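Coordinate analysis (summary)
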Amino acid sequence: MNVRGRWLAVIGGLGMLAAAGGCSGSSDEGGTPSSGGSAGVGATGGGGGTGGQGGAAGAAGSSGAGSCTPGAKQCVGSTPRTCSSSGAWESGSACADQACVDGACIGVCSPDAVRCSGDVAQKCDVGGQWVTTVACTNQACVNGACTGSCTPGAKQCSGSTPQTCSSSGAWESGSACANQACVNGECTGSCAPGAKQCAGNMPQTCSSSGTWESGSACAGATPTCYAGACVSQPSCADPGQGRTDCGSGGNESCCTSRLVKGGTFYRGYTEPPGSTGYKTKDYPATVADFRLDEYEVTVGRFRKFVEAWVDGWRPVAGAGKHTHLNGGLGLVNGGAGGGNEPGWDASWSSELAQSTVDWDTNLACYSGYETWTPSAGGNENRPINCASWYELQAFCIWDGGFLPSETEWHYAASGGSEQRKYPWGNTDPGANA
């Protein structure tokens, strides 16, 4: 036996000497040069063994290469892989907006991705399909989740301010409605809810929808509509100079009126002995009870009337009568025509100025002597002058009264049956009167 040959074969089998196959065994062992060559192949393949067995061992070593079956598929995250013919995994392109399932990109979304479909929140499942998670109620869907406090595009009102829900579910305010109502998040109508005005002698209140609604026409003890309410004397309704600061203490209403008890007097007669003129008793007159303002009409009171006139107030036909007399028919005309007083004639309205500028002009009758001023000032407590009969008649109607007749005025000024020479008595005024 060739011991040296055996050891080389063993060493060749262990793959330690690639050239060991070049050594041949001895003829004494029955080995042939070709067998020795097979042993060399076995050594190269990493098999080991001797003679013909070495070749078989080498073939077995080649079949163990690679880590997968060619053609097999798998996913690593979102990346598909396919096993090559050599048994190695080869990666493809990562799935974009799809799911990787069994080594292939499928579906329409990436697993766990979220989105909104209108107001519906959705999440992508493992198969690449969108699945509804929740429908947002009174909220916005943002990035696949419900958020905010309102549905985008919804509208509402916060007082008089319209609001619209943003895409993020938050209320955003617009501009407040001016002289309109806010209804369902929109400005509408022609007035602000709760506002008041007068339509002639009829109070009106603005409804919640921004439309004017009429009440009952003013009558009786409160015959005049002022600032949307029925009042007795609108010229003194607002506090101010010449309206609420009359009297010696400056704290009395300038609209205070006193009862004048009726009676009979002589219109052309003065009582005190020695007086000249006005001594005839040929013109007796009987006057019924009536009320007369304690103070002359002030500039402050008349200014409120001018404002109302410029704003469009006009007397109705027949207004201004002494309705407390003769069953509402008013004064009896003692002249040739007879009948009762007619009251206001609608055509008389053209006798009055229509604009503030024209009123300023008409009431400036004597430069330096007129009491009217274009704007409120130091004359508010003075009596108004330079006013025409038409203007004063219209004022009295607007202020809930009537213009006294000449007879009523003289009766009151002369103290009725006292037949005074002057309203204050019979004492002549001094030089500074």
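Everything discussed here concerns the structure shown above.
Our subject in this report is the structure included herewith. Just so you know, these numbers come straight off a predicted model, no measurement behind them.

**Focus: the overall build of the chain**
Each helix and strand counted, the chain has 7 helices and 24 strands in total. Across the 433 residues in the chain, those meeting the buried criterion constitute 29%. Taking the contacts inside the chain whose residues are at least 6 apart along the sequence as the reference set, 40% of them involve residues at least 24 apart. Surface exposure of the chain reaches about 24,100 Å², of which carbon and sulfur atoms provide 52%.

**Some words on the packing of aromatic side chains**
In total, this model carries 18 aromatic pairs according to the counting rule given. Judged by centre distance (4.8 Å) and plane angle (5 degrees), the ring pair of Tyr-422 and Trp-424 falls under stacked. An aromatic cluster is built from Tyr-226, Phe-302, Phe-305, Trp-309, Trp-313, Trp-359, Phe-395 and Trp-398, whose rings are joined through pairwise contacts. Over the ring of Tyr-269 we find Lys-281; its NZ or CZ atom is 4.8 Å from the centre of that ring. Arg-303 extends its terminal NZ or CZ atom over the ring of Trp-372, reaching a point 4.3 Å from the ring centre.

**What about helix H4 (residues 299-310)?**
A rise of 1.5 Å per residue sets the reference length of H4, with its 12 residues, at 16 Å; its end C-alpha atoms lie 16 Å apart and thus fit the reference within 8%. Judged by how many residues are buried, H4 sits mostly within the fold: 10 of 12 residues are covered. Looking one or two residues beyond H4, the residue adopting positive phi is Gly-312, at roughly 120 degrees.

**Re the nonpolar core**
The biggest cluster of nonpolar side chains holds 24 residues, and the ones touching the most others in it are Phe-302, Phe-305 and Trp-359. For this core, the secondary structure elements donating two or more residues are H4 and helix H6 (389-398). The element best represented in this core is H4, accounting for 6 residues. Look past the residues within four positions of Phe-305 in its chain and what remains in contact with it is Trp-313, Leu-352, Trp-359, Glu-391, Ala-394, Phe-395 and Trp-398. Membership of the second largest hydrophobic core comes to 6 residues, among which are Val-260, Phe-265, Val-287 and Tyr-411.

**Here we look at the state of the cysteines**
Applying the stated rule across the entire model yields 15 disulfides. The disulfide that involves Cys-198 links it to Cys-225, with 2.0 Å between the sulfurs. Disulfide Cys-198-Cys-225: the torsion about the S-S bond is -90 degrees, which places it as left-handed. Here the residue Cys-198 occupies a position in strand S16 (residues 196-199), and Cys-225 occupies one in strand S19 (residues 224-226), the gap between them amounting to 27 residues. Owing to a relative accessible area of 27%, Cys-198 belongs among the partly exposed residues under this scheme.

**Considering the sheet that holds strand S1 (residues 73-76)**
Spatial ordering of the open sheet is given by S1-S2-S3, a layout of 3 strands whose pairing is antiparallel. Among the strands making up the open sheet, the edge pair consists of S1 and strand S3 (89-91). The mean inter-strand angle of the sheet, taken between neighbouring strand axes irrespective of direction, is 35 degrees. As defined by bridge partners, S1 adjoins strand S2 (residues 79-83) across 4 bridges and the pair is classed as antiparallel. Of the residues in S2, the one forming a bridge with Lys-73 is Thr-82.

**A few points about the environment of Val-101**
By the element assignment, Val-101 lies in strand S4 (residues 99-101). As for Val-101 and Thr-79, which are separated by 22 residues in sequence, their C-alpha atoms are 9.5 Å apart. Sequence-distant contacts of Val-101, that is, excluding residues within four places in its chain, are made with Cys-75, Ile-106 and Val-126.

**Focus: unusual backbone geometry**
Here Ala-227, not a glycine, exhibits a phi torsion of approximately 55 degrees, which is positive. As for its placement among the helices and strands, Ala-227 is situated in the loop between S19 and strand S20 (229-231). Although it is not a glycine, Asn-326 sits at a positive phi angle of roughly 50 degrees. If you trace the backbone, Asn-326 turns up in the loop between H4 and helix H5 (356-362). You can call Asn-326 partly exposed: its relative accessible area is 44%.

**Details of the sheet that holds strand S6 (residues 114-117)**
What the 3 strands build is an open sheet, ordered S6-S7-S8; its pairing is antiparallel. Strand pairing shows two members of the sheet lacking a second neighbour, S6 and strand S8 (130-135), which therefore form its edges. Looking at each pair of strands side by side, their axes are set apart by 35 degrees on average, direction ignored. Pairing of S6 with strand S7 (residues 120-124), which is carried by 4 bridges, proceeds in the antiparallel orientation. Residue pairing for S7: Arg-115 is matched across the bridge by Gln-122.

**Description of the pairing of S7**
Taken across its 5 residues, S7 has 4 buried, putting it largely inside the fold. Here S6 hands over to S7 after 2 residues, with Gly-118 in that stretch at a positive phi of 70 degrees. Pairing of S7 with S8 involves 5 bridges; the strand directions are antiparallel. Within the sheet, the bridge partner assigned to Lys-123 lies in S8 and is Val-131. In this structure, the hairpin formed by S7 and S8 is closed by a connection of 5 residues, where Gly-128 is found at a positive phi of approximately 80 degrees.

Reading the values: rules and limits
- Residues numbered from 1 in each chain as written.
- Predicted model: local features only at pLDDT ≥ 70, side-chain atom pairs only at ≥ 80, totals over all residues.
- Heavy atoms only, no water.
- Helix = DSSP H or I, 4+ residues; strand = E, 2+ residues; numbered from the N terminus.
- Buried < 20%, exposed > 50% of the residue type's maximum accessible area, 1.4 Å probe, protein only.
- Contact = heavy atoms within 4.5 Å.
- Areas by Shrake-Rupley, 256 points an atom, 1.4 Å probe, with all protein chains shown as cover.
- Phe/Tyr/Trp six-rings, centres within 6.5 Å; stacked < 30°, edge-to-face > 60°.
- Lys NZ or Arg CZ within 6 Å of the ring centre and 35° of its normal.
- Expected span 1.5 Å × (residues − 1).
- Core = buried A, V, L, I, M, F, W, Y, C linked by side-chain atoms within 4.5 Å.
- Disulfide = S-S within 2.5 Å.
- Pairing = 2+ DSSP bridges.
- Axes fitted to C-alpha atoms, helices over the stretch in contact; angles between N-to-C directions.

Remember, this is a structural readout, not a statement about activity or role.
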